[in-house]
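Remarks on the overall topology
Letter by letter, the chains look like this.
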Amino acid sequence: MRDYSIVAEGLVKRYVTRQRKGLFKSTPQVIEALRGVSFKVRRGEVVGLLGPNGAGKTTTVKILATLLIPDEGDAWINGFHVVKEVDDVRRGIGVVFSVEKGFYAKLTGRENLRYFAALYGLSSSEAEKRVEELLRLLELDKLGASDRLFEEYSLGMKARLGLARALLRDPPVLILDEPTLGLDPPSARKIRSLVREMAGNGKTILYTTHNMFEAELVCDRILLIDRGRIIAEGTPGELKEKVAGKRTIVAHVRGDKMLVSRTIEGLEVEKVSVEESEEGLTVRLLTRSPEEVAGILLRELVARGVEVYTLRIEEPTLEDVFIYFTSGVGHGGTT
Ligand SMILES: Nc1ncnc2c1ncn2[C@@H]1O[C@H](COP(=O)(O)OP(=O)(O)OP(=O)(O)O)[C@@H](O)[C@H]1O
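Residues numbered from 1 in each chain as written. Predicted model: local features only at pLDDT ≥ 70, side-chain atom pairs only at ≥ 80, totals over all residues. Heavy atoms only, no water.

In the annotation of an unreviewed UniProt entry, the entry for the protein chain reads ABC transporter related protein, and the organism field reads Desulfurococcus amylolyticus DSM 16532.

1. A short note on the site of the ligand
The environment of the ligand is formed by 13 residues, the closest being Gly54, Gly56, Lys57, Thr58 and Thr59. Alanine 55 has a polar backbone atom sitting 3.0 Å from an oxygen atom of the ligand. Lysine 57 is positioned with one of its backbone polar atoms (N or O) 2.9 Å from an oxygen atom of the ligand. Burial of the ligand by the surrounding chains reaches 62%, relative to a free accessible area of 630 Å². For the shell around the ligand, the class distribution of residues is five nonpolar, six polar and two charged. (Near = heavy atom within 4 Å. Polar contact = N/O pair within 3.5 Å; in protein donor to acceptor, adjacent residues only side chain to side chain. Areas by Shrake-Rupley, 256 points an atom, 1.4 Å probe, with all protein chains shown as cover. Nonpolar A, V, L, I, M, F, W, Y, C, P; charged D, E, K, R; others polar.)

2. Structural notes on the environment of leucine 34
As for its placement among the helices and strands, leucine 34 is situated in strand β2 (residues 25-42). The spacing of leucine 34 and proline 70 is 36 residues in sequence and 8.9 Å in space, taken between C-alpha atoms. For leucine 34, the contacting residues outside a window of four places in its chain are Leu11, Val12, Lys13, Gly56, Thr59, Thr60, Ile63, Ile225 and Gly228. (Helix = DSSP H or I, 4+ residues; strand = E, 2+ residues; numbered from the N terminus. Contact = heavy atoms within 4.5 Å.)

3. Comments concerning the sheet that holds strand β1 (residues 4-21)
A sheet is described by the order of its strands in space; here four strands give the open sequence β2-β1-β4-β5, paired in antiparallel fashion. Of all strands in the sheet, those bounded by a partner on one side alone are β2 and β5 (80-81). Strand direction decides the pairing type here: strand β4 (residues 72-77) and β5, joined by two bridges, are antiparallel. Paired with isoleucine 77 across the strands is phenylalanine 80, a residue of β5. Packed onto the sheet, helix α1 (residues 57-64) meets β1, β2 and β4 and runs at close to 70° relative to β2. (Pairing = 2+ DSSP bridges. Axes fitted to C-alpha atoms, helices over the stretch in contact; angles between N-to-C directions.)

4. A look at the domain arrangement of the protein chain
Considered domain by domain, the protein chain is made up of domain 1 (4-240) and domain 2 (242-326). At the junction of the two partners, domain 1 supplies 16 residues and domain 2 supplies ten residues. Summed over both sides, the interface between domain 1 and domain 2 buries roughly 1000 Å², with carbon and sulfur atoms accounting for 76% of that surface. On the domain 1 side of the contact with domain 2, Met212, Leu239 and Lys240 bury the most area, a combined 51% of that side's loss. Across the domain 1-domain 2 interface, the total number found is zero salt bridges. Where domain 1 packs against domain 2, one counts three residue pairs in polar contact (both at pLDDT 80 or more). Mapped onto the side of domain 1 that touches domain 2, the elements with two or more residues apiece are α7 (212-218), β9 (221-226), β10 (229-234) and α8 (236-241). (Domains from an automatic or database assignment. Buried area = accessible area lost by both parts, 1.4 Å probe. Salt bridge = Lys/Arg side-chain N within 4 Å of Asp/Glu carboxyl O.)

5. What to know about the packing of helix α3 (residues 109-119) against helix α4 (residues 124-137)
Remark: α3 packs on α4, axes separated minimally by 10 Å, with the N-to-C direction vectors making an angle of 135°. Considered as vectors, α3 and α4 are oriented oblique to each other. Note that α3 runs across α4; the crossing there is right-handed. Here Arg110, Leu113, Arg114 and Ala117 of α3 lie close against α4, whose contacting residues are Ala127, Glu128, Val131, Glu132 and Leu135. For the contact of α3 with α4, the per-class residue count stands at five nonpolar, no polar and four charged. (Parallel < 35°, antiparallel > 145°, perpendicular 65-115°, else oblique. Left-handed = near helix turned anticlockwise from the far one by under 90°.)

6. A short note on the pairing of β1
As paired strands, β1 and β2 are joined by 15 bridges and run antiparallel to one another. Bridge assignment links glutamine 19 to a residue of β2, and that residue is threonine 27. Following β1, the chain reverses through three residues before pairing antiparallel with β2; glycine 22 in that reversal takes a positive phi of roughly 75°. Across five bridges, the pairing between β1 and β4 is antiparallel. Within the sheet, the bridge partner assigned to glutamate 9 lies in β4 and is aspartate 74.

Right, dumping it as structure tokens:
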């Protein structure tokens, strides 16, 4: 346990909601958000919890941050139990959520940080020094944001202030829940580079995201989570090894989803995903014989009247690794 800053063992969490049935009736519905999540994060590691919407990332993070009690399982941060030793856990972590709450709209960034520094028990001289350091580190000074009211902040400024607050006590463990969600590219880049810098200074970081590109840039190791379960883990390189020797065919098409899925069923492919968006369908196929399959796919789709806008062959990405573990013609068909 000593080498690990974060340990989760068999976390289970169920939410009970009520489903409306007509005007006056409702029936309880159980959502299994976590179905036995276990993992460990070594001291100084940046580990990404990567998964699609609703996979269970925020639920995991809330349990680790002592904001939610699991129905089953245990977790420890810096050796302290998240349910039985809440104060010790809280002292050792900094938490950032994508939508930053709890700041005072009518206070400036500097005043907000001073307020939280006092709340966390920093002496006034310590607080003053730390707040100035953090305003500089997060470049809030440079953006001219330190002395502006929080209510005037852009999303990027709010995200930076959230990270500054998490760092006030200089905690050894940081838990960041989608910290770049909705940010413009410069702010997202800044947050990512700061995370790497903090990792270089020995902090342990758990970083949730649904952005594969970001996970690969930021994280030493990645845990893939889907429907409340960890389905694979490894370094980005190790995860990509799972699809070594294969290439990805990516096609953007417009046509009936069922028809497109049926067309793919007859092909020599290992994994498939068909995603619908406003622009049409994005088809991703993982295969060992990309040129041959791409030729057949194009011919078959056109023969069925499907419009094919683009079709290209790529090196597999983490997205393909995810598809590899979560779906496929071998078990369960297209997504
Ligand atoms: N307070 C709640 N009440 C009922 N269901 C909930 C609640 N919070 C989360 N859920 C459900 O639990 C599941 C896991 O949600 P969670 O927010 O942990 O996922 P996530 O991976 O963080 O997703 P996202 O990226 O969309 O935030 C989802 O099905 C979600 O709808």
